[in-house]
Amino acid sequence: MNSILDIEHLRTHFKTDDGTVRAVDDVSFQVRQGEIVCIVGESGSGKSITAMSVMGLVEGPAGRVVGGNIRFDGEELLKLSRNELRTIRGNEIAMIFQEPMTSLNPVLKIGEQLMEPLIEHRKLNKKAARKRAIELINEVGISRAEQIADSYPHELSGGMLQRIMIAIAISCGPKLLIADEPTTALDVTIQAQILDMLRKFKEESNMSILLITHDLGVVAEMADYVVVMYAGKVVEEGEVVALFENPKHPYTQGLLKSKPIINQRQEELYSIPGQVPNPLELVPSCYFHERCAHCMEICKTTQPALKEVGNQQKVACWLYEEATANV
Amino acid sequence: MSTINGEATKAYLSKKSVHTSLWRQSLRRLLKNKLAVFGFVVVAFMFAACFIGPLFSPYTDNKINMAFMNKPPSLKHWLGTDVLGRDVLTRVLQAGRISLTVGLASMVLSVFIGSLLGIIAGYYRGIVDQVIMRIADLLLTIPSLPLLFIFGALLSEWKVPTDYRMYIVMLMLSIVGWPGLARMVRGQMLSLREREFMQAAIVLGLRDRRKLFNHLLPNLVPLLIVIATLNIGGAILSESVLSYFGLGVMAPTPTWGNMIDAANNMIDFQEHPWLWIPPGFSIFATVIAINIFGDGLRDVLDPKQKR
Ligand SMILES: Nc1ncnc2c1ncn2[C@@H]1O[C@H](COP(=O)(O)OP(=O)(O)O)[C@@H](O)[C@H]1O
Ligand SMILES: [Mg+2]
């Protein structure tokens, strides 16, 4: 399978009054065609900023992509002009956000918002766009599509709005869909429906999905490949089954341990002690060392590199580099 | 695949009554505000009276009739006659046409200039923003009345024909009117562009034009309506002040402002109050009513702006 999205050594920094925030620091991974890649990690680990860097949404004086490559379908996104990027956004790469309630324009009708990318990228006229919009509303499982098309966002529930967001996202048949915590704001029952729908569209059109979540339940259900992020870095990645069966990094182990498992109720749900460190004050070290039960001397002074360990699994941890660790 | 069944959709929609557009909701809330409704009725009455009223008056030719000089109100002349024997009521209504037109037109012009520049400044930021807003700041630091006086004096100096003065006064009023407006619109733009739905619009790969006019402008409309309404009142007042001082629209074109000029004359002020009370009251009632209505609109459309 060829890769559709290829991120290499991506670094996105924010200049603040207190110093430079390395929100994404040397992140590399691939998304192959027809594959669902999940990025997991606690809040603040740089998942959203990674996605926004791909979309070219990190702009303005403070935040900037300061290094690396983002290749989409063989094309270097970071080198494209504003206009070239615009023709890819919404057309070949689509994105949905966490909050469907605020992601739609409150004063425009649902139908109008669905028609816009069709008119922009598919060059449909108003009539054809409207017809297609109605079809799309039906495709995401909402009946009375005509009526919904003439409604305003505040008239629909969160679950319905997220369906609409998906309809907008898939309207131009993108090769890659980036979904940033698409179900976090929704009820559990609706979550499952939305995830099912994403998977269904993926299978129908062979698009790839980059799914960002902090919920390992979602990962288990959706992912082909998992990228675990911590404090702006990838600490572990691998095939979903291998990673769930044999997590290598103490952080991944901790995440998996803190996930409730039915029939195995513990006295108290495990949680990783401590918090994600402030990305401002990071010195060369394994950023997880303060919270790690296996912390060694070297972890406090030198950063481990992401190394292949076994079948399609990579981890950045000194525990697996003992041969070289006695520096 | 899971489907939200028709019943659930229907229940959801009917619960909030189908297509309660934001406008209809706002209208309903506005109608509940009795004071605002009263303001609107007064404004509407003023407009209707000034634009339709003179059609029913037998005195619209403004014939000079020395036999009827300075007559007090009577059945024939409800508000009396002026120094040239013209019917004051007819004059007040005709003056209202001019005053209201000047107010409306200069509002439209300053809202157009102000919102265009405010939108551009807020959307593109950077150097464009700097240039536009510094010019606006400059105009805002000069109190507008002295500025208008200078303009007015220049007009008299250059002997601009009185027929044209009305249009130039409109232009002057919008020159002093747009900066405050541009600043408000820009502020709103800055906050709108950070909203998540604008990020979603970027992600859709929409052109700037589409983002500006389809996404941002409709969100600005409520604010624009409010400022525009309040702006009319201000413009009418400024025009009156200018014309009162003989620097705005000049006789023979009547405006409320140059009609109150009669109050300048001690004899007219004391002996012929029907000359200056009607235009004075018209200004007062119209401006107050517009402001009451505008405040009501603001409460409904733009609750965040409440001070
Ligand atoms: N505009 C910004 N200015 C400064 N720091 C930022 C900004 N946006 C995000 N960050 C920082 O970047 C880091 C990663 O954020 P984010 O990618 O949103 O995390 P998450 O994994 O929860 O999506 C956080 O530490 C956050 O504080
Ligand atoms: Mg996030």
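Residues numbered from 1 in each chain as written. Chains lettered and ligands numbered in written order. Predicted model: local features only at pLDDT ≥ 70, side-chain atom pairs only at ≥ 80, totals over all residues. Heavy atoms only, no water.

### Side note on the overall build of chain A
Then, number 1: Secondary structure assignment for chain A yields twelve helices and twelve strands.
Then, number 2: What you see for chain A is a C-alpha radius of gyration of 21 Å, in line with the 20 Å of a compact globule of 327 residues.
Then, number 3: In terms of its C-alpha atoms, chain A occupies a principal-axis envelope of roughly 70 × 50 × 40 Å.
Then, number 4: Burial statistics for chain A: of 327 residues in total, 54% are counted as buried.
Then, number 5: Within chain A, contacts between residues separated by at least 24 positions form 64% of all contacts whose residues are at least 6 apart in sequence.
Then, number 6: Working note: accessible area of chain A is about 14500 Å², and carbon and sulfur atoms make up 49% of it.
Then, number 7: Averaging the positions of the 34 positive and the 44 negative side-chain charges in chain A gives two centres separated by 5 Å. (Helix = DSSP H or I, 4+ residues; strand = E, 2+ residues; numbered from the N terminus. Rg over C-alpha atoms; globule rule 2.2 N^0.38 Å. Buried < 20%, exposed > 50% of the residue type's maximum accessible area, 1.4 Å probe, protein only. Contact = heavy atoms within 4.5 Å. Areas by Shrake-Rupley, 256 points an atom, 1.4 Å probe, with all protein chains shown as cover. Lys, Arg positive; Asp, Glu negative; His and termini not counted. Charge placed at Lys NZ, Arg CZ, Asp CG, Glu CD.)

### Concerning the overall build of chain B
Then, number 1: In terms of helices and strands, chain B carries twelve helices and zero strands.
Then, number 2: Taken from N to C terminus, the helices and strands of chain B fall in the order α-α-α-α-α-α-α-α-α-α-α-α.
Then, number 3: Once the C-alpha set of chain B is aligned to its principal axes, its extents read approximately 90 × 50 × 30 Å.
Then, number 4: Across the 307 residues in chain B, those meeting the buried criterion constitute 46%.
Then, number 5: Within chain B, contacts between residues at least 6 apart in sequence are counted, and of these 70% link residues at least 24 apart.
Then, number 6: Between the averaged position of the 30 positive side-chain charges in chain B and that of its 18 negative side-chain charges there is a distance of 11 Å.

### A word on the nonpolar core
Residue and element names in this part refer to chain A.
Then, number 1: Counting residues in each nonpolar core, the largest one holds 107 residues, and the members touching the most others are Ile164 and Ile166.
Then, number 2: Setting aside residues no more than four positions away along its own chain, isoleucine 164 makes contact with Leu104, Ile110, Ile137, Ile142, Ile148 and Leu156.
Then, number 3: If you look at the next biggest cluster of nonpolar residues, it comprises 38 residues, including Ile4, Leu10, Leu57 and Tyr225. (Core = buried A, V, L, I, M, F, W, Y, C linked by side-chain atoms within 4.5 Å.)

### Notes on the interface of chain A and chain B
Then, number 1: Counting from both sides, the interface comprises 46 residues of chain A and, opposite them, 36 residues of chain B.
Then, number 2: Approximately 3700 Å² of surface area, both sides summed, lies buried where chain A meets chain B, with 58% of it carried by carbon and sulfur atoms.
Then, number 3: The largest contributions to the chain A side of the interface with chain B come from A:Glu116, A:His154 and A:Glu155, which together make up 16% of the buried area.
Then, number 4: With a shortest N-O distance of 3.3 Å, B:Arg210 and A:Glu120 are connected by a salt bridge.
Then, number 5: At the junction of chain A with chain B, the criterion picks out 13 residue pairs in polar contact (both at pLDDT 80 or more).
Then, number 6: Contributions of two or more residues to the side of chain A that touches chain B are made by helix 1 (47-55), helix 2 (82-88), strand 6 (93-96), helix 3 (100-103), helix 4 (110-121), helix 6 (145-149), helix 7 (158-170) and helix 8 (188-205) of chain A.
Then, number 7: Ranked by residue count, the leading element in the side of chain A that touches chain B is helix 4 of chain A, at five residues.
Then, number 8: The residue makeup of the side of chain A that touches chain B, split by class, is 19 nonpolar, 13 polar and 14 charged. (Buried area = accessible area lost by both parts, 1.4 Å probe. Salt bridge = Lys/Arg side-chain N within 4 Å of Asp/Glu carboxyl O. Polar contact = N/O pair within 3.5 Å; in protein donor to acceptor, adjacent residues only side chain to side chain. Nonpolar A, V, L, I, M, F, W, Y, C, P; charged D, E, K, R; others polar.)

### Focus on the pattern of salt bridges
Between side chains of opposite charge, a pair can form when the charged atoms approach closely.
Then, number 1: In total, this model carries 25 salt bridges over all chains according to the counting rule given.
Then, number 2: When the shortest N-O distance is used, the salt bridge between B:Asp208 and A:Arg82 registers 3.1 Å. Taken together, the residues B:Asp208 in helix 9 (residues 208-244) and A:Arg82 in helix 2 connect one chain to another.
Then, number 3: A salt bridge links B:Asp129 to B:Arg186; the nearest nitrogen and oxygen atoms lie 2.7 Å apart. Here B:Asp129 is found in helix 5 (residues 126-141), whereas its partner B:Arg186 is found in helix 7 (residues 162-193), with 57 residues between them in sequence.
Then, number 4: Assessed through its relative accessible area of 7%, B:Asp129 is described here as buried.
Then, number 5: For B:Arg186, a relative accessible area of 21% puts it in the partly exposed group.
Then, number 6: The network of salt bridges with common partners includes A:Arg86, A:Glu120, B:Arg207 and B:Arg210.

### Topic: the UniProt feature "transmembrane region" (unreviewed entry) in chain B
All names here are of chain B.
Then, number 1: As recorded in UniProt, the feature "transmembrane region" (unreviewed entry) lies at residues 35-56, 98-123, 135-155, 167-185, 216-237 and 274-297.
Then, number 2: Taken as a whole, residues 167-185 contains 100% helix and 0% strand, while its terminal C-alpha atoms sit 26 Å from one another.
Then, number 3: In residues 274-297, the share of helix is 88% and the share of strand is 0%. The end C-alpha atoms are 34 Å apart. (UniProt positions renumbered as here; feature names shortened; annotations may be inferred.)

### Concerning the pairing of strand 4 (residues 63-72) of chain A
Residue and element names in this part refer to chain A.
Then, number 1: Bridge analysis of strand 1 (residues 3-16) against strand 4 gives eight bridges, and the strand direction is antiparallel. Residue pairing across strands places leucine 5 opposite phenylalanine 72, the latter belonging to strand 4.
Then, number 2: Alignment of strand 4 against strand 5 (residues 75-76), held across two bridges, turns out to be antiparallel. Paired with arginine 71 across the two strands is glutamate 76, which belongs to strand 5.
Then, number 3: Here strand 4 folds back onto strand 5 in antiparallel fashion, the turn holding two residues, of which aspartate 73 has a positive phi close to 55 degrees. (Pairing = 2+ DSSP bridges.)

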